[in-house]
Protein chains: 2
Amino acid sequence: MPKPDVDPTVQLELSVDRSSPVPLYFQLAQQLEAAIEHGTLTPGSLLGNEIELASRLGLSRPTVRQAIQSLVDKGLLVRRRGVGTQVVHSQVKRPLELSSLYDDLESAGQRPATKVLVNTMVSASAEVAAALGVPEDSEVHRIERLRLAHGEPMAYLCNFLPPGLLDLETAQLEATGLYRLMRAAGITLHSARQTIGARAATPAEAERLTEEPGAPLLTMQRVTYDDTGRAVEYGTHTYRPSRYSFEFQLLVRS
Amino acid sequence: MPKPDVDPTVQLELSVDRSSPVPLYFQLAQQLEAAIEHGTLTPGSLLGNEIELASRLGLSRPTVRQAIQSLVDKGLLVRRRGVGTQVVHSQVKRPLELSSLYDDLESAGQRPATKVLVNTMVSASAEVAAALGVPEDSEVHRIERLRLAHGEPMAYLCNFLPPGLLDLETAQLEATGLYRLMRAAGITLHSARQTIGARAATPAEAERLTEEPGAPLLTMQRVTYDDTGRAVEYGTHTYRPSRYSFEFQLLVRS
DNA sequence: TCAATCAGTATGTCCGGACAATGTGACTTC
DNA sequence: GAAGTCACATTGTCCGGACATACTGATTGA
């Protein structure tokens, strides 16, 4: 007699292509993630035990475990020893990513516009030199941009980059985000250190963002490092809080 | 003739205790992390190949790989196929954690003080009900706290909790953080959705935080979920930007 | 002299198995 | 009827090996 499961074990149609160059565990992870996204795998439902899943797919258990683990790391699945693996109930969107404002806006369907105010070389101030790890008074790129959405200014972005990393053309900066340019130049971003705060707008800031002097502004400073540990970007940004806020999901480090 | 390595392969004294209940890969990961922290493993230095490392420790390669992988996930190491595994150059502190303000302050050596303003049950507004996933007008906990540092108010915290999860005693709330209480009550936190923004202080907010009306405030809203997907907390917080800002490290999801 | 080729080395992927630890539910016992 | 006990299911850890893939540097060739 079949048990009336409260959290039923879902039977999925899964398959892997062994001739594909895509790793098997990755194929499986993608299919599981798609099934969760699509609703085939409902929250709370059990995934079926790993051994049986492996034999059904003709895979080994380590491979299946690797696929499941990657989704656990993403916060989509939860494993319980002695119980099984189940789909997380809550609406996990996406964890905090190192994304540019441009990408954020674009994925929100906003089609952002950028106006490059300054694109030049300057000698590094003490603050910039310390952040980028370059000698004081050495030459660095300085970029100032205004980000607009629906024709309204939304953020004022001021960035500093060490020399020689990539050539920054104003036209490109207006067409896409800075991170995308860096990735395209072969730089592998690794980590970033951010500080988010707030302060009252100075008269100059207020004018740039069409706010009143003294109006509250959201501020963010960031130093980004590539995987060799070099600082590749230092930015000081101010946002109009009525137009933008930082929204993200974060997972508990178990 | 030995090659003059620019990034030398470091020979560490590593050992594992097979009689310990602590997993072997975890023991190894801890020792490696300690060596990085301590400076024995300098940034840029190679870790030596996995096979040799495994045989030297009497472990299998999968176990060594699991240890290394956990540190890669933490952003401490970088693997390069055909090259080796090396210590990341930049100053990785810690990635963004789901930490309470209390823990943040305490780890900064600030010894925070908490003043509980309100600790009662209220009927859920539409906003609170939606965030917690409970019926509208059902009873929920409402907690209002003032967080002080050096005798000065720093943040005003307003939280809502679903009923029955834990009993909130004012004395406990003044002695420790909310997250610590929840963990102690057997709740396993899983993820949270946060929004950080800014706005001008209302007269009431200004008075609570001893600011002027209209002064910029840093705001944060958060819904926290446990590993079953239940919302276990909804909070609306305001911070004095002169006293507090959000600072964190984040890693690139490769 | 410079470019293409190739061997060496390291990580990436995958396999099949073994035993341990833990949570669940049914069974037994008082 | 309630509490403790035990078997079962499932994930956690670990092993030893095999081949694929990518990066590096030296050798070879034009």
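The structure we're discussing is the one just above.
Residues numbered from 1 in each chain as written. Chains lettered and ligands numbered in written order. Predicted model: local features only at pLDDT ≥ 70, side-chain atom pairs only at ≥ 80, totals over all residues. Heavy atoms only, no water.

**Thoughts on the packing of aromatic side chains**
The description of two aromatic rings rests on the distance between their centres and on the angle between their planes. Put simply, the rule is: Think of it this way: a Phe, Tyr or Trp ring, Trp meaning its six-membered ring, pairs with another when their centres are within 6.5 Å, and the plane angle makes it stacked under 30 degrees, edge-to-face over 60, tilted otherwise. The rule is simple: take the accessible area with a 1.4 Å probe, protein chains only, and divide by the maximum for that residue type; under 20% is buried, over 50% is exposed, in between is partly exposed.
This structure, assessed with the given rule, holds 11 aromatic pairs over all chains. Ring plane angle 25° and centroid distance 5.0 Å describe the contact between Tyr239 of chain A and Tyr244 of chain A, whose orientation is recorded as stacked. Under the relative-accessibility criterion, Tyr239 of chain A is labelled buried at 2%. Here the aromatic rings of Tyr25 of chain B and Phe26 of chain B are separated by 6.4 Å at their centres, their planes lie at 85°, and the arrangement is edge-to-face. Here a set of aromatic residues connected by ring pairs shows up, and it is made of Tyr239, Tyr244 and Phe246 of chain A.

**Section: the protein's contact with DNA strand D**
Just so we agree on the cut-off: Being near a molecule or strand, for a residue, comes down to having at least one heavy atom within 4 Å of it. N or O atoms within 3.5 Å of each other form a polar contact, as long as, within protein, one can give a hydrogen and the other can take it, and as long as residues adjacent in sequence are counted only when both atoms are side-chain atoms. By definition, any uninterrupted DSSP run of H or I lasting at least four residues is a helix, any uninterrupted run of E lasting at least two residues is a strand, and each is numbered from the N terminus. Residue polarity is assigned by list, with Asp, Glu, Lys and Arg as charged and Ala, Val, Leu, Ile, Met, Phe, Trp, Tyr, Cys and Pro as nonpolar; anything else, Gly included, falls into the polar class.
Residues in close proximity to DNA strand D total 26 residues, the closest being Arg61 and Arg81 of chain A together with Arg18, Leu24 and Thr63 of chain B. Taking the atoms of DNA strand D that fall within 4 Å of the protein, sugar and phosphate contribute 73% of them. At 2.7 Å from a phosphate oxygen of DNA strand D is found a side-chain nitrogen or oxygen belonging to Arg18 of chain B. Elements represented by at least two residues in the surface near DNA strand D include exactly α3 (61–73), β1 (77–80) and β2 (84–87) of chain A together with α1 (24–38) and α3 (61–73) of chain B. Across the surface near DNA strand D, the residue classes tally to 7 nonpolar, 10 polar and 9 charged.

**Here we look at the packing of helix α2 (residues 50–57) of chain B against α3 of chain B**
Residues and elements named next belong to chain B. Here is the rule we go by: Each axis is a line fitted through C-alpha atoms, taken for helices only over the stretch in contact, and angles between the N-to-C directions span 0 to 180 degrees. Each angle gets one of four labels, with under 35 degrees taken as roughly parallel, over 145 as roughly antiparallel, 65 to 115 as roughly perpendicular, and the rest as oblique. Helix crossings are classified by the rotation of the near helix relative to the far one: an anticlockwise turn of less than a right angle makes the crossing left-handed, while a clockwise turn makes it right-handed. Here, two residues are considered to be in contact whenever any of their heavy atoms come within 4.5 Å of each other.
Two elements in contact, α2 and α3, have axes whose closest approach is 9 Å; the angle formed by their N-to-C orientations is 110°. One finds that α2 runs roughly perpendicular with respect to α3. For the pair α2 and α3, the crossing hand works out as right-handed. Contacts between α2 and α3 pair Glu50, Ile51, Leu53 and Ala54 from the former with Arg61, Val64, Arg65 and Ile68 from the latter. When its residues are assigned to classes, the contact of α2 with α3 shows 5 nonpolar, no polar and 3 charged.

**Details of the pattern of salt bridges**
What counts is decided by this rule: Only one rule defines a salt bridge in this text: a Lys or Arg side-chain nitrogen within 4 Å of an Asp or Glu carboxyl oxygen.
Tallied over the entire structure, the rule returns 26 salt bridges over all chains. For Glu33 of chain B, the salt bridge is made with Lys74 of chain B, and the minimal N-O distance between the two is 3.0 Å. Highlighted residues: Glu33 of chain B in helix α1 and Lys74 of chain B in the loop between α3 and β1 (77–80), separated in sequence by 41 residues. Since its relative accessible area comes to 27%, Lys74 of chain B is described here as partly exposed. A salt bridge links Glu144 of chain B to Arg142 of chain B, with the nearest nitrogen and oxygen atoms 2.8 Å apart. Each member of the salt-bridge network shares a partner with another, and the members are Glu50, Arg61, Arg65 and Arg79 of chain A.

**Notes on the sheet that holds strand β6 (residues 189–200) of chain B**
Our working definition: One bridge is not enough; two strands pair if DSSP finds at least two bridges between them.
Taken together, the 7 strands give an open sheet; going across it, the order is β9(A)-β6(B)-β7(B)-β8(B)-β5(B)-β4(B)-β3(B), and neighbouring strands pair in antiparallel fashion. One side of each edge strand has no neighbouring strand; the edge strands of this open sheet are β9 (246–251) of chain A together with β3 (113–123) of chain B. Pairs of neighbouring strands in the sheet enclose a mean axial angle of 15°, with direction left out of account. Across 10 bridges, β3 of chain B lies against strand β4 (residues 139–149) of chain B in antiparallel orientation. Residue pairing in the sheet places Thr114 of chain B in a bridge with Arg147 of chain B of β4 of chain B.

**Brief notes about the relation of the copies chain A and chain B**
Going by this rule: When the copies are superposed, the least-squares fit takes in the C-alpha atoms of residues with a pLDDT of at least 70 in both.
Between chain A and chain B, which share one sequence, the superposing operator has a rotation angle of 180° and an axial displacement of 0.0 Å; the RMSD is 0.1 Å. The superposition operator between the copies reduces to a two-fold rotation axis. Across chain A, the smallest distance between a C-alpha and the rotation axis is recorded for Pro216 of chain A, namely 2.3 Å. Most of the interface of chain A is mirrored in chain B, where 100% of its interface residues again form contacts.

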